[in-house]
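Residue strings, one per chain:
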Amino acid sequence: IGYSTHNLAQAQAAANLPVSYIAIGPIFATATKEDTDPVVGLAGLARAVLPSAIPLVAIGGITGANARAVLEAGADSVAVISALLAVPDLITAHTAEFCQSLAKEEL
């Protein structure tokens, strides 16, 4: 069970909840939702990394081009929607490309 947050204070509060992961975002601008919270950015993500054992999942505007930077900023994983689902006939190909781009170098 995850808990969605949109800023540092919410992420800190969520660290005290009985959840399996904490999501934070949007990290970047996204068109997936019409009424998003303000962009957290990489700096905001880095500040939200908690000394907790609860994994931090970054969400919002994440693509193959910026996913590595998100992970390097401290996210344990990324949630991706538009970068994979924008062209339904290419979901499998886009997913494979996304995974390959992350596997090219170790973090």
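Up top is the structure.
A brief report on the enclosed structure follows. (Residues numbered from 1 in each chain as written. Predicted model: local features only at pLDDT ≥ 70, side-chain atom pairs only at ≥ 80, totals over all residues. Heavy atoms only, no water.)

With respect to the overall build of the chain
Selection rule: To qualify as a helix, a DSSP run of H or I must reach at least 4 residues; to qualify as a strand, a run of E must reach at least 2; elements of each kind are numbered from the N terminus. Throughout, radius of gyration means the C-alpha value; the globule benchmark is 2.2 Å times the number of residues raised to the power 0.38. Only protein chains enter the calculation, and the probe is 1.4 Å; a residue is then buried if its accessible area is under 20% of its type maximum, exposed if over 50%, and partly exposed in between. A contact between two residues is defined here by any heavy atoms of the two lying within 4.5 Å. For the area figures, the Shrake-Rupley method with a 1.4 Å probe applies, and any residue is considered shielded solely by the protein chains shown. None of His or the chain ends enter the tally, which takes Lys and Arg as positive and Asp and Glu as negative. For this purpose, a charge sits on NZ of Lys, CZ of Arg, CG of Asp or CD of Glu.
Scanning the chain from terminus to terminus reveals five helices and four strands. Secondary structure of the chain in N-to-C order comes out as β-α-β-α-β-α-β-α-α. Its C-alpha radius of gyration of 14 Å places the chain within 12% of the 13 Å reference for a compact globule of 107 residues. On the principal axes, the C-alpha backbone points of the chain span a range of 40 × 35 × 25 Å. Out of the 107 residues belonging to the chain, those deemed buried represent 29%. Across the chain, every contact between residues at least 6 apart in sequence was considered, and the portion connecting residues at least 24 apart equals 47%. A total of about 6500 Å² of accessible surface is found on the chain, and carbon and sulfur atoms cover 57% of it. Charge separation in the chain, taken as the distance between the mean sites of 4 positive and 9 negative side-chain charges, equals 5 Å.

Thoughts on the environment of G41
Here G41 shows up in helix α2 (residues 41-48). Each C-alpha atom of the pair G41 and A29 lies 8.9 Å from the other, and the pair is 12 residues apart in sequence. If sequence neighbours within four positions are ignored, G41 has contacts with P26 and I27.

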